[in-house]
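Listed here are the chains, written in short residue letters.
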Amino acid sequence: MKNKYRILKIVVTVIILGLLLSFSLRRFSREQITDNKISVKMSEKTPVYFVDEKDIREIVKKENPSGKVGDLNIPSLEKKINSLPAVDSANVYLNLNGKLNLDIKQRVPVFRLNKDGKDFYVDEKGVEFPISRTYSHPCMLVTGNVQPDEYEKLAELVEKIDKDDFSKKYFIGISKSKDNYSLLTSEGNYRVEIGDLDNIDFKVRGFKTFVEKYLVYQDPQKYSMVSVKYQNQIVTTLNPYFKENDSILKAGKMELAKVPSPTAAKKTEVTPKIAEVKKTSSVKPKESTKPKNHTKETKKAEKKPPVKAQSKPKARVKIE
(Lines give C-alpha, C1' and ligand atoms only; values in the text may rest on other atoms or scores of the structure.)
Protein backbone atom coordinates (compact mmCIF):
# COMPACT_ATOMS: atom_id res chain seq x y z
CA MET A 1 0.00 0.00 0.00
CA LYS A 2 2.81 2.38 0.84
CA ASN A 3 4.46 1.87 -2.56
CA LYS A 4 1.21 2.51 -4.41
CA TYR A 5 0.71 5.70 -2.42
CA ARG A 6 4.20 6.94 -3.31
CA ILE A 7 3.68 6.21 -7.01
CA LEU A 8 0.34 8.02 -6.99
CA LYS A 9 1.96 11.00 -5.27
CA ILE A 10 4.69 11.23 -7.90
CA VAL A 11 2.19 11.03 -10.78
CA VAL A 12 0.03 13.78 -9.26
CA THR A 13 3.09 15.99 -8.82
CA VAL A 14 4.18 15.54 -12.44
CA ILE A 15 0.70 16.36 -13.69
CA ILE A 16 0.54 19.52 -11.61
CA LEU A 17 3.98 20.65 -12.86
CA GLY A 18 2.96 19.94 -16.45
CA LEU A 19 -0.17 22.02 -16.07
CA LEU A 20 1.78 24.90 -14.55
CA LEU A 21 4.39 24.71 -17.32
CA SER A 22 1.80 24.66 -20.10
CA PHE A 23 0.00 27.59 -18.48
CA SER A 24 3.23 29.61 -18.24
CA LEU A 25 4.14 28.79 -21.82
CA ARG A 26 0.77 29.93 -23.07
CA ARG A 27 1.17 33.10 -21.09
CA PHE A 28 4.71 33.75 -22.37
CA SER A 29 3.81 32.89 -25.94
CA ARG A 30 1.34 35.75 -26.01
CA GLU A 31 3.74 38.29 -24.54
CA GLN A 32 5.60 40.79 -26.71
CA ILE A 33 9.40 40.90 -26.75
CA THR A 34 9.98 44.60 -26.28
CA ASP A 35 13.36 46.33 -26.41
CA ASN A 36 13.64 46.41 -22.63
CA LYS A 37 13.23 42.62 -22.59
CA ILE A 38 16.20 42.03 -24.89
CA SER A 39 19.58 41.74 -23.17
CA VAL A 40 22.74 41.71 -25.34
CA LYS A 41 26.02 40.89 -23.58
CA MET A 42 29.51 40.76 -25.10
CA SER A 43 31.60 38.22 -23.21
CA GLU A 44 35.08 38.62 -24.80
CA LYS A 45 38.01 39.51 -22.50
CA THR A 46 39.54 42.04 -24.88
CA PRO A 47 37.05 44.79 -25.71
CA VAL A 48 36.27 44.92 -29.43
CA TYR A 49 33.42 46.63 -31.25
CA PHE A 50 32.93 44.81 -34.53
CA VAL A 51 29.38 43.80 -33.62
CA ASP A 52 27.02 46.60 -32.65
CA GLU A 53 24.18 46.00 -30.21
CA LYS A 54 21.80 47.82 -32.53
CA ASP A 55 22.59 45.38 -35.31
CA ILE A 56 21.78 42.44 -33.02
CA ARG A 57 18.43 43.94 -32.08
CA GLU A 58 17.65 44.45 -35.77
CA ILE A 59 18.37 40.79 -36.44
CA VAL A 60 16.01 39.77 -33.62
CA LYS A 61 13.21 41.87 -35.13
CA LYS A 62 13.77 40.42 -38.60
CA GLU A 63 13.73 36.86 -37.28
CA ASN A 64 10.56 37.52 -35.24
CA PRO A 65 8.39 40.10 -37.05
CA SER A 66 5.37 39.58 -34.77
CA GLY A 67 7.45 40.22 -31.68
CA LYS A 68 5.69 37.43 -29.74
CA VAL A 69 7.58 34.93 -27.64
CA GLY A 70 5.65 32.01 -29.12
CA ASP A 71 6.71 32.92 -32.66
CA LEU A 72 10.40 33.18 -31.83
CA ASN A 73 12.59 30.41 -33.26
CA ILE A 74 15.59 30.43 -30.90
CA PRO A 75 17.79 27.90 -32.82
CA SER A 76 17.29 29.84 -36.06
CA LEU A 77 18.12 33.15 -34.36
CA GLU A 78 21.23 31.67 -32.76
CA LYS A 79 22.40 30.29 -36.11
CA LYS A 80 21.86 33.66 -37.76
CA ILE A 81 24.01 35.48 -35.20
CA ASN A 82 26.74 32.84 -35.36
CA SER A 83 26.96 33.34 -39.12
CA LEU A 84 28.23 36.90 -38.65
CA PRO A 85 31.93 36.99 -39.65
CA ALA A 86 33.06 38.82 -36.51
CA VAL A 87 31.14 36.53 -34.09
CA ASP A 88 33.04 33.65 -32.52
CA SER A 89 30.05 32.14 -30.67
CA ALA A 90 26.51 33.10 -29.61
CA ASN A 91 24.15 31.70 -26.98
CA VAL A 92 20.44 32.67 -27.10
CA TYR A 93 17.90 31.73 -24.39
CA LEU A 94 14.67 32.88 -22.69
CA ASN A 95 14.06 33.42 -18.99
CA LEU A 96 10.80 32.41 -17.27
CA ASN A 97 9.86 36.07 -17.08
CA GLY A 98 9.95 36.31 -20.90
CA LYS A 99 13.30 38.11 -21.16
CA LEU A 100 15.42 37.26 -24.21
CA ASN A 101 19.17 36.93 -23.48
CA LEU A 102 21.91 36.97 -26.12
CA ASP A 103 25.45 36.21 -24.94
CA ILE A 104 27.84 36.97 -27.81
CA LYS A 105 31.58 36.44 -28.02
CA GLN A 106 33.27 38.43 -30.77
CA ARG A 107 36.43 37.47 -32.60
CA VAL A 108 39.50 39.30 -31.31
CA PRO A 109 42.06 39.92 -34.11
CA VAL A 110 45.65 38.93 -33.40
CA PHE A 111 47.05 40.53 -36.54
CA ARG A 112 45.91 42.36 -39.63
CA LEU A 113 47.05 40.78 -42.90
CA ASN A 114 47.65 42.64 -46.15
CA LYS A 115 47.69 40.03 -48.89
CA ASP A 116 47.25 40.50 -52.63
CA GLY A 117 46.07 44.06 -52.08
CA LYS A 118 43.34 43.01 -49.61
CA ASP A 119 43.15 43.63 -45.85
CA PHE A 120 41.51 41.37 -43.30
CA TYR A 121 41.89 40.27 -39.68
CA VAL A 122 42.98 36.88 -38.33
CA ASP A 123 42.08 35.69 -34.82
CA GLU A 124 43.95 33.32 -32.48
CA LYS A 125 42.29 30.29 -34.08
CA GLY A 126 43.59 31.27 -37.52
CA VAL A 127 40.15 32.33 -38.80
CA GLU A 128 39.91 35.19 -41.31
CA PHE A 129 37.23 37.86 -41.02
CA PRO A 130 36.82 41.19 -42.83
CA ILE A 131 37.73 44.60 -41.48
CA SER A 132 34.96 46.89 -40.25
CA ARG A 133 33.96 50.22 -41.72
CA THR A 134 33.20 51.67 -38.30
CA TYR A 135 35.90 50.18 -36.09
CA SER A 136 39.63 49.49 -36.44
CA HIS A 137 41.34 47.29 -33.85
CA PRO A 138 45.00 48.06 -33.00
CA CYS A 139 47.11 44.99 -33.78
CA MET A 140 50.25 43.82 -35.58
CA LEU A 141 50.35 44.42 -39.34
CA VAL A 142 51.56 41.49 -41.47
CA THR A 143 52.35 41.75 -45.18
CA GLY A 144 53.25 39.16 -47.80
CA ASN A 145 52.00 35.91 -49.25
CA VAL A 146 51.15 34.20 -45.95
CA GLN A 147 49.42 30.83 -46.36
CA PRO A 148 46.38 29.85 -44.22
CA ASP A 149 48.27 26.93 -42.68
CA GLU A 150 50.75 29.46 -41.23
CA TYR A 151 48.12 31.58 -39.48
CA GLU A 152 48.22 29.76 -36.14
CA LYS A 153 52.03 29.83 -35.87
CA LEU A 154 52.03 33.47 -36.87
CA ALA A 155 49.38 34.21 -34.24
CA GLU A 156 51.58 32.52 -31.62
CA LEU A 157 54.51 34.70 -32.68
CA VAL A 158 52.44 37.89 -32.37
CA GLU A 159 51.14 36.86 -28.95
CA LYS A 160 54.71 36.22 -27.74
CA ILE A 161 55.76 39.66 -28.98
CA ASP A 162 52.81 41.31 -27.21
CA LYS A 163 53.60 39.58 -23.92
CA ASP A 164 57.32 40.47 -23.93
CA ASP A 165 58.16 44.09 -23.08
CA PHE A 166 61.41 44.07 -25.06
CA SER A 167 59.85 42.60 -28.21
CA LYS A 168 56.79 44.83 -27.95
CA LYS A 169 59.05 47.87 -27.84
CA TYR A 170 61.11 46.94 -30.91
CA PHE A 171 58.83 45.05 -33.29
CA ILE A 172 55.96 46.88 -34.99
CA GLY A 173 55.25 44.66 -37.99
CA ILE A 174 56.00 41.42 -39.83
CA SER A 175 56.71 40.91 -43.52
CA LYS A 176 57.18 37.78 -45.61
CA SER A 177 59.28 37.60 -48.77
CA LYS A 178 59.31 34.22 -50.49
CA ASP A 179 59.88 31.82 -47.55
CA ASN A 180 61.61 34.27 -45.20
CA TYR A 181 59.91 36.21 -42.42
CA SER A 182 61.29 39.52 -41.17
CA LEU A 183 60.34 41.60 -38.14
CA LEU A 184 60.03 45.34 -38.78
CA THR A 185 61.52 47.51 -36.05
CA SER A 186 60.55 50.86 -34.61
CA GLU A 187 64.17 52.11 -34.52
CA GLY A 188 66.24 52.83 -37.59
CA ASN A 189 65.80 51.45 -41.07
CA TYR A 190 66.80 47.88 -40.35
CA ARG A 191 64.69 44.75 -40.23
CA VAL A 192 65.30 41.52 -38.33
CA GLU A 193 65.34 38.45 -40.56
CA ILE A 194 64.11 35.32 -38.73
CA GLY A 195 63.65 32.88 -41.64
CA ASP A 196 60.88 30.42 -40.79
CA LEU A 197 58.56 30.46 -37.77
CA ASP A 198 60.44 27.75 -35.83
CA ASN A 199 62.57 28.38 -32.71
CA ILE A 200 61.15 31.88 -32.33
CA ASP A 201 62.12 32.22 -28.66
CA PHE A 202 65.75 31.40 -29.42
CA LYS A 203 65.91 33.85 -32.33
CA VAL A 204 64.36 36.69 -30.34
CA ARG A 205 66.80 36.06 -27.47
CA GLY A 206 69.69 36.24 -29.95
CA PHE A 207 68.51 39.61 -31.25
CA LYS A 208 68.00 40.87 -27.68
CA THR A 209 71.60 39.94 -26.83
CA PHE A 210 72.85 41.71 -29.97
CA VAL A 211 70.95 44.87 -28.99
CA GLU A 212 72.14 44.90 -25.38
CA LYS A 213 75.78 44.05 -26.10
CA TYR A 214 76.39 45.98 -29.32
CA LEU A 215 73.55 47.85 -30.96
CA VAL A 216 72.97 50.21 -28.02
CA TYR A 217 76.38 51.73 -28.76
CA GLN A 218 75.69 52.17 -32.49
CA ASP A 219 73.47 54.40 -34.58
CA PRO A 220 70.37 52.28 -35.41
CA GLN A 221 70.47 53.62 -38.98
CA LYS A 222 73.84 51.96 -39.55
CA TYR A 223 72.25 48.66 -40.61
CA SER A 224 69.63 47.70 -43.15
CA MET A 225 69.20 44.14 -41.90
CA VAL A 226 70.09 42.00 -38.89
CA SER A 227 69.69 38.28 -39.58
CA VAL A 228 69.18 35.79 -36.73
CA LYS A 229 67.90 32.91 -38.85
CA TYR A 230 71.27 31.13 -38.74
CA GLN A 231 72.07 29.01 -35.72
CA ASN A 232 74.50 30.49 -33.19
CA GLN A 233 75.43 33.50 -35.34
CA ILE A 234 74.13 36.93 -36.25
CA VAL A 235 74.74 38.42 -39.70
CA THR A 236 74.36 42.16 -40.28
CA THR A 237 73.99 44.14 -43.53
CA LEU A 238 75.21 47.73 -43.64
CA ASN A 239 72.95 50.52 -44.83
CA PRO A 240 74.48 51.93 -48.07
CA TYR A 241 72.74 55.29 -47.52
CA PHE A 242 74.37 55.87 -44.13
CA LYS A 243 77.35 58.22 -44.59
CA GLU A 244 79.54 56.67 -41.91
CA ASN A 245 79.43 53.39 -43.80
CA ASP A 246 81.07 54.86 -46.94
CA SER A 247 84.63 54.03 -45.90
CA ILE A 248 83.69 50.50 -44.81
CA LEU A 249 81.78 49.78 -48.00
CA LYS A 250 84.60 51.23 -50.12
CA ALA A 251 87.14 49.00 -48.43
CA GLY A 252 84.88 46.02 -48.96
CA LYS A 253 84.57 46.76 -52.67
CA MET A 254 88.37 46.98 -52.98
CA GLU A 255 88.75 43.60 -51.33
CA LEU A 256 86.18 42.10 -53.66
CA ALA A 257 87.98 43.60 -56.68
CA LYS A 258 91.14 41.68 -55.76
CA VAL A 259 89.34 38.38 -55.91
CA PRO A 260 89.42 37.04 -59.52
CA SER A 261 86.18 36.08 -61.11
CA PRO A 262 85.54 32.36 -61.65
CA THR A 263 85.61 32.78 -65.44
CA ALA A 264 89.14 34.18 -65.31
CA ALA A 265 90.49 31.17 -63.46
CA LYS A 266 91.34 29.14 -66.55
CA LYS A 267 94.43 27.10 -67.13
CA THR A 268 96.68 28.28 -69.94
CA GLU A 269 99.66 26.49 -71.40
CA VAL A 270 102.79 28.34 -72.54
CA THR A 271 105.08 26.40 -74.89
CA PRO A 272 108.46 28.06 -75.42
CA LYS A 273 109.95 27.77 -78.92
CA ILE A 274 113.21 25.89 -79.08
CA ALA A 275 115.57 26.81 -81.88
CA GLU A 276 117.76 24.11 -83.33
CA VAL A 277 121.30 25.29 -84.04
CA LYS A 278 123.48 23.36 -86.46
CA LYS A 279 127.23 23.94 -86.42
CA THR A 280 129.06 23.33 -89.71
CA SER A 281 132.65 23.94 -90.84
CA SER A 282 133.98 24.08 -94.44
CA VAL A 283 137.52 24.39 -95.94
CA LYS A 284 138.16 25.59 -99.48
CA PRO A 285 140.46 23.28 -101.53
CA LYS A 286 143.90 24.63 -102.51
CA GLU A 287 144.64 24.92 -106.22
CA SER A 288 147.75 23.04 -107.33
CA THR A 289 150.37 24.39 -109.87
CA LYS A 290 151.33 20.96 -110.89
CA PRO A 291 150.32 19.42 -114.20
CA LYS A 292 146.84 18.26 -114.69
CA ASN A 293 147.73 14.63 -114.47
CA HIS A 294 148.42 15.01 -110.85
CA THR A 295 145.51 14.41 -108.64
CA LYS A 296 144.21 17.31 -106.83
CA GLU A 297 144.62 17.19 -103.18
CA THR A 298 141.67 18.31 -101.39
CA LYS A 299 140.83 18.40 -97.85
CA LYS A 300 137.40 17.36 -97.22
CA ALA A 301 135.68 19.37 -94.69
CA GLU A 302 134.86 17.34 -91.74
CA LYS A 303 131.30 17.84 -90.87
CA LYS A 304 130.45 17.52 -87.27
CA PRO A 305 127.14 16.01 -86.48
CA PRO A 306 124.52 18.62 -85.69
CA VAL A 307 124.01 19.36 -82.03
CA LYS A 308 120.51 18.51 -81.06
CA ALA A 309 119.08 20.95 -78.62
CA GLN A 310 117.44 19.22 -75.71
CA SER A 311 113.78 20.13 -75.63
CA LYS A 312 112.70 21.66 -72.37
CA PRO A 313 109.47 20.52 -70.76
CA LYS A 314 106.44 22.61 -71.44
CA ALA A 315 105.71 25.16 -68.73
CA ARG A 316 102.15 25.50 -67.39
CA VAL A 317 100.88 28.72 -65.94
CA LYS A 318 97.80 28.70 -63.70
CA ILE A 319 96.06 32.01 -63.25
CA GLU A 320 93.85 32.29 -60.16
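Everything below is about the structure printed above this text.
Just so we're clear, the structure is a prediction, and the values are computed from it rather than from any experiment.

**Q** Please provide a residue-by-residue account of the sheet that holds strand E10 (residues 191-195), values included.
**A** The mixed open sheet is built from nine strands, whose spatial order is E6-E5-E4-E7-E8-E9-E10-E11-E12. The sheet is open, and its two edges are formed by strand E6 (128-130) and strand E12 (235-238), each paired on a single side. The average angle at which neighbouring strand axes cross in this sheet is 25°, direction not considered. Direction of pairing for E10 relative to strand E11 (residues 223-227): parallel, over a ladder of three bridges. Counted as the bridge partner of Arg191 is Met225 from E11. With respect to the sheet, helix H4 (residues 151-163) is in contact with strand E4 (109-115), strand E5 (118-123), E6, strand E7 (140-143), strand E8 (171-177), strand E9 (180-185) and E10, its orientation differing from that of E4 by roughly 125°. Relative to the sheet, helix H6 (residues 200-213) contacts E8, E10, E11 and E12, its axis offset from that of E10 by approximately 150°.

**Q** Just give me the short version of H6, but keep the residues and values in it.
**A** Given a rise of 1.5 Å per residue, 14 residues ought to cover 20 Å, and the 20 Å separating the end C-alpha atoms of H6 matches this to within 8%. Residues Ile200, Lys203, Val204, Phe207, Phe210 and Val211 constitute the buried set of H6. An end-on view of H6 places all buried positions within 120° of arc, on one side of the element. For H6, the exposed residues set more than 90 degrees away from the buried face come down to Arg205 and Lys213. Each element contacted by the buried residues of H6 is listed here: H4, helix H5 (165-170), E8, E10, E11 and E12.

**Q** Talk me through the packing of aromatic side chains; I want residue IDs and the actual numbers.
**A** Scanning all chains against the criterion turns up 13 aromatic pairs. Where Tyr49 meets Tyr135, the ring centres are 5.5 Å apart and the plane angle is 85°; that geometry is what we call edge-to-face. Pair noted here: Tyr49 is in the loop between strand E1 (38-42) and helix H2 (53-63) and Tyr135 is in the loop between E6 and E7, with a separation of 86 residues, a long-range link. A centroid spacing of 5.5 Å and a plane angle of 85° characterise the contact between Phe50 and Phe129, whose relative ring orientation is edge-to-face. Here Phe129 lies in strand E6 and Phe50 lies in the loop between E1 and H2, a separation of 79 residues in the sequence. Taken together, the ring pairs in this structure connect Tyr49, Phe50, Tyr121, Phe129 and Tyr135 into an aromatic cluster.

**Q** How would you explain the pairing of E5 if you had to name every residue and give the values?
**A** Both E4 and E5 contribute to a ladder of six bridges, which runs antiparallel. Across the sheet, the residue bridging to Lys115 is Lys118, located in E5. From the end of E4 to the start of E5, which pair antiparallel, there are two residues, and Asp116 there has a positive phi angle of about 55°. Pairing of E5 with E6 involves three bridges; the strand directions are antiparallel. Note on E6: the bridge partner recorded for Tyr121 is Phe129. Between the antiparallel neighbours E5 and E6 lie four residues, among them Gly126 with a positive phi of about 80°.

**Q** Go over the side chain of Asp123 with me, naming the residues and quoting the values.
**A** Structurally, Asp123 is set in strand E5. At 3.1 Å, the side chain of Asp123 forms a polar contact with the side chain of Arg107. One polar contact links the side chain of Asp123 to the main-chain amide nitrogen of Val127, over a distance of 2.8 Å. When sequence neighbours within four positions are dropped, the list of residues in contact with Asp123 reads Arg107, Val108, Pro109, Val110, Phe129 and Ala155.

Reading guide: rules and limits
Residues numbered from 1 in each chain as written. Predicted model: local features only at pLDDT ≥ 70, side-chain atom pairs only at ≥ 80, totals over all residues. Heavy atoms only, no water. Pairing = 2+ DSSP bridges. Helix = DSSP H or I, 4+ residues; strand = E, 2+ residues; numbered from the N terminus. Axes fitted to C-alpha atoms, helices over the stretch in contact; angles between N-to-C directions. Contact = heavy atoms within 4.5 Å. Expected span 1.5 Å × (residues − 1). Buried < 20%, exposed > 50% of the residue type's maximum accessible area, 1.4 Å probe, protein only. Arc of directions from axis to C-beta. Phe/Tyr/Trp six-rings, centres within 6.5 Å; stacked < 30°, edge-to-face > 60°. Polar contact = N/O pair within 3.5 Å; in protein donor to acceptor, adjacent residues only side chain to side chain.

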